[in-house]
Structures are given as C-alpha cells and as structure tokens.
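Here are the chains, one letter per residue:
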Amino acid sequence: MLQIRNAADILKGGGLVAFPTETVYGLGADALRPEAAKKIYAAKGRPSDNPLIIHIAEFEALFRIVKEIPPQARLLADAFWPGPLTMIFQKSEIVPYETTGGLDTVAVRMPDHPAALALIRESGGYIAAPSANTSGRPSPTLAEHVAEDLDGRIPLILDGGAVGIGIESTIIDLSCMSKTADGEWIADEIPLVLRPGYITREMLAEVIGTVGDDPGLADENAHPKAPGMKYRHYAPKAEMIIVSGEREDVIRRINELAEENCQRGEKTGVICTEETKEQYRADFIRSTGSRSDEGSIARHLYAVLREMDTLGADRIYSENFSALRIGNAVMNRLLKAAGHHVVEV
Ligand code: AMP
Ligand code: MG
C-alpha cells in the first residue's frame, strides 16, 4: 500500500510510474495533464501521433472525459469491465491532445488488477498508459521486462509479478455512434474491432449485436484505424518467419530450414508449443505453452520473443497459432513481429 501511495504521489506530481495490469505492464502518467502525458512519449521513444489509453477505476469516471456515452458502452462495461477491453469514444474538452495523439477521440479501459485500480483511485482517477516497453520492443509481461527497457528513465516500477493475460487489450471503436438533436443514437457504421485481444469479436457481438473488424487489420498495406497498429511493433532483432500448414509438415520444414542455417553458420530459434517442442532440432527451442491451455500461449508469447533477442538467433521460425480461440490476437502480434513473413508448407 505504501508503494501505491508513493506511486500515486509521483503521478500527482506529473511524473511517470510503470504498473502491472492484467494484460501487460503499463507506463502511466496523469492523463489530464499535457506535460505529464508528453513524458510517456519521451521515455518510450513513442511517435507522438500514437495515442494513449486512459485507465479508469469506475464507470462513472467516463462522464468527465467522454463527450457522450453511447448505450453500447454500458452494455460492454457490464459484460467486460474491469477487463481487457478498450473502448474508443468522442473525447470531452478536458482531455488534452497530448493524451490522444492529436485525435478528437479517446481510448478508455478499466483494468482488472487490484494494484492498477488502487493506483488509479489514489492518483485522481485518470491514468494515461501505453505498454511500458521501449517503442518497437515486445510489451512487458514482467517487471523485469520494464526494467530492461526503461531503467533509469522512470522513477518507479511497481512489481506485481507475472501478468495474467499477456497480450494487450481488445480495442473496439464506438466513436461511430452519435446522438441526434432529438437525443436518438445513430451509428455512422458498425462498431469495429481495431485491435484483436483476449475478448474476441464474437464475444462483443453477443452483447451489442454486429461488430466488424477494421479492414486495416487483415491488409498490411491498408491504413489501420488505431494509429499504433501501423507501426512494426513487437519486432525481435532477428529475421522472423511464421511457418504455416499441417503440424507434421511444419515441423519437418522448420527442421530443414534450421539445418540449412546451421550449414551457413547461422543460429536458429524456434517458437513452438509443449506438444511439439521435443521434435525440433535447432539452436534455441522455446515453447510458448500448451495448445490445450490457450491462455498460456498468449501469456508467454512476449517473454519468448524477448528471450530470442537475448539468445542471439539469426533467424526465428514460429508455428502458426490461428486455430486457437485467442489465435486471432496471437497471430496479429506474431504477424507484426514477422513483418507479415509467412511460409506455407
Ligand atoms: P498500447 O497501450 O501501447 O497498446 O497502445 C495503445 C493503443 O491504443 C495503440 O495501438 C493506439 O493506436 C490505440 N489507441 C489509443 N487511442 C486511440 C484512439 N483515440 N483511436 C484509435 N486508437 C487508439
Ligand atoms: Mg504498446
């Protein structure tokens, strides 16, 4: 509790604090102070057009930062808050453009983590926070990852141990909803998922009806609606390739490629699962988890990507995870890490 109070004091003084959430570690600042939000961009080396998510601890906190709250927001909050869902709204006047990357919309989430909720309440109710990594590195899922990237650049890292989910929140855009003069809500288009996550499009659709996917997600050349999705995030230093196909074919092909690399004097890393890890022959073989426990795959993905960097692999091959329920979210991150380099076998 003392730690939380220290952290809250730093935030209230306009400083930065890294803190755990259930998705990944966040790098927080007072969301309503432009100069505080600006420090986040400097510490991360984050492009200034990449907006931050405001973290709140009560649904009612929305009223101050959102122009008007569409009915879907209440339904989705009842179903998924606190939890790994971020909603985009038209912003109110008090939200500075430094927090929204210059946009008139604002992203808001209520994290499902006791330390995060206590910190938000203790520090005034509104913490702007992106993931607490250096821009372009995998998001941190342990306090040690935050320290690797940001030690010496921020005054405090709250250590909450390993996060529960391991990939960033699902983002749904509700800014397409507007209110007419007679108080009726109309939709300019259907709400879109801007970033896939643990909460799937199907789960959202069960609560609010039709939900689409931002076309920018599937097409690497299209312009994604979440500014952050256009950057080549989560990129390991080595060249990374996803090998897709039947399990036996994937294993055979990766082993062949590893053998070729070895003959050239190059080191190979393999990202696989508990079910297959014994069948590879390569320099570095890392399992992200078991296909029978999908959560474990998301939870360990970023730590494995970070480890591959430190091991010094020249090439990394990953199995394909699209068959999983959270496969859409995992594949979205892996495809970015691999610069969309996929080999079909
Ligand atoms: P991070 O918290 O590091 O995962 O980054 C926040 C993500 O939310 C980035 O991909 C941003 O582009 C996205 N985001 C934040 N605010 C908005 C907004 N107003 N409209 C669309 N995307 C947003
Ligand atoms: Mg991030």
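Preceding this section is the structure that the text describes.
The following refers to the structure shown.

Conventions and cut-offs
- Residues numbered from 1 in each chain as written.
- Chains lettered and ligands numbered in written order.
- Predicted model: local features only at pLDDT ≥ 70, side-chain atom pairs only at ≥ 80, totals over all residues.
- Heavy atoms only, no water.
- Helix = DSSP H or I, 4+ residues; strand = E, 2+ residues; numbered from the N terminus.
- Buried < 20%, exposed > 50% of the residue type's maximum accessible area, 1.4 Å probe, protein only.
- Pairing = 2+ DSSP bridges.
- Contact = heavy atoms within 4.5 Å.
- Axes fitted to C-alpha atoms, helices over the stretch in contact; angles between N-to-C directions.
- Core = buried A, V, L, I, M, F, W, Y, C linked by side-chain atoms within 4.5 Å.
- Near = heavy atom within 4 Å.
- Polar contact = N/O pair within 3.5 Å; in protein donor to acceptor, adjacent residues only side chain to side chain.
- Areas by Shrake-Rupley, 256 points an atom, 1.4 Å probe, with all protein chains shown as cover.
- 1 Å grid on protein atoms, 1.4 Å probe; cavity = no way out; pocket = protein on both sides within 12 Å on 5 of 7 lines; lining within 4 Å.
- Sits in = over half its atoms within 2 Å of the grid points.
- Nonpolar A, V, L, I, M, F, W, Y, C, P; charged D, E, K, R; others polar.
- Points joined across faces, edges and corners; volume = space filled by probe spheres on them.
- Salt bridge = Lys/Arg side-chain N within 4 Å of Asp/Glu carboxyl O.

1. A word on the environment of T200
- Within the secondary structure, T200 sits in the loop between β11 (192-195) and α7 (201-208).
- Note on T200: relative accessible area 13%, which makes it buried.
- Sequence-wise, T200 and G327 are 127 residues apart; in three dimensions their C-alpha atoms are separated by 9.8 Å.

2. What to know about the sheet that holds strand β2 (residues 26-30)
- Pairing within the open sheet is mixed, and its 10 strands lie in the order β7-β1-β2-β6-β3-β5-β4-β8-β11-β12. At either end of the open sheet lies a strand with only one pairing partner, and these are β7 (156-157) and β12 (212-213).
- Note that strand β8 (residues 170-173) and β11 share three bridges and pair antiparallel. Its bridge partner lying in β11, I171 is registered against R195.
- Relative to the sheet, helix α2 (residues 34-44) contacts β2 and β6 (127-129), its axis offset from that of β2 by approximately 150°.

3. Details of the nonpolar core
- Ranked by internal contacts, the top residues of the largest apolar core, which has 62 residues, are I56, W81, M87 and L119.
- Counting residues per element, this core draws most heavily on α2, which supplies five residues.
- When residues no more than four places from it in sequence are discounted, the contact partners of I56 are A61, L62, I65, W81, V108, R109, M110, P111, L117, I120, G125 and Y126.

4. Re the site of ligand 1
- In the region of ligand 1, 21 residues are neighbours, and R46, T105, S131, R195 and G228 sit closest.
- Separating an oxygen atom of ligand 1 from a side-chain N or O atom of N50 is a distance of 3.1 Å.
- One of the backbone nitrogen or oxygen atoms of P227 is found 3.3 Å away from an oxygen atom of ligand 1.
- Compared with its free state, where it exposes 500 Å², ligand 1 has 96% of that area covered by protein.
- A majority-of-atoms criterion places ligand 1 in the largest pocket.
- Taken together, the elements giving at least two residues each to the shell around ligand 1 come down to β5 (105-109) and β11.
- Looking at the shell around ligand 1, the element that brings in the most residues is β5, giving three residues.
- Class assignment of the residues belonging to the shell around ligand 1 gives a composition of 13 nonpolar, four polar and four charged.

5. Here we look at the layout of surface pockets
- Space inside the largest pocket adds up to approximately 560 Å³.
- Lining the largest pocket are 37 residues, with R46, P51, I53, I171 and R195 sitting closest to its centre.
- If one sorts the elements of the lining of the largest pocket by residue count, β5 sits on top with four residues.
- Along the lines of polarity and charge, the residues of the lining of the largest pocket split into 17 nonpolar, 13 polar and seven charged.
- If you trace the second largest pocket, you find 22 residues lining it, with G216, L217, A218, N332 and H340 closest to the centre.

6. Section: the pattern of salt bridges
- Inspection of the entire model under this criterion finds 22 salt bridges.
- Where E68 meets K179, a salt bridge forms, and the shortest distance between an N and an O atom there is 3.4 Å. With E68 in the loop between α3 (62-65) and α4 (71-80) and K179 in strand β9 (residues 177-179), this pair connects stretches of sequence that are 111 residues apart.
- For E274, the salt bridge is made with K277, and the minimal N-O distance between the two is 3.0 Å.
- By relative accessible area, which is 31% here, K277 ends up partly exposed.

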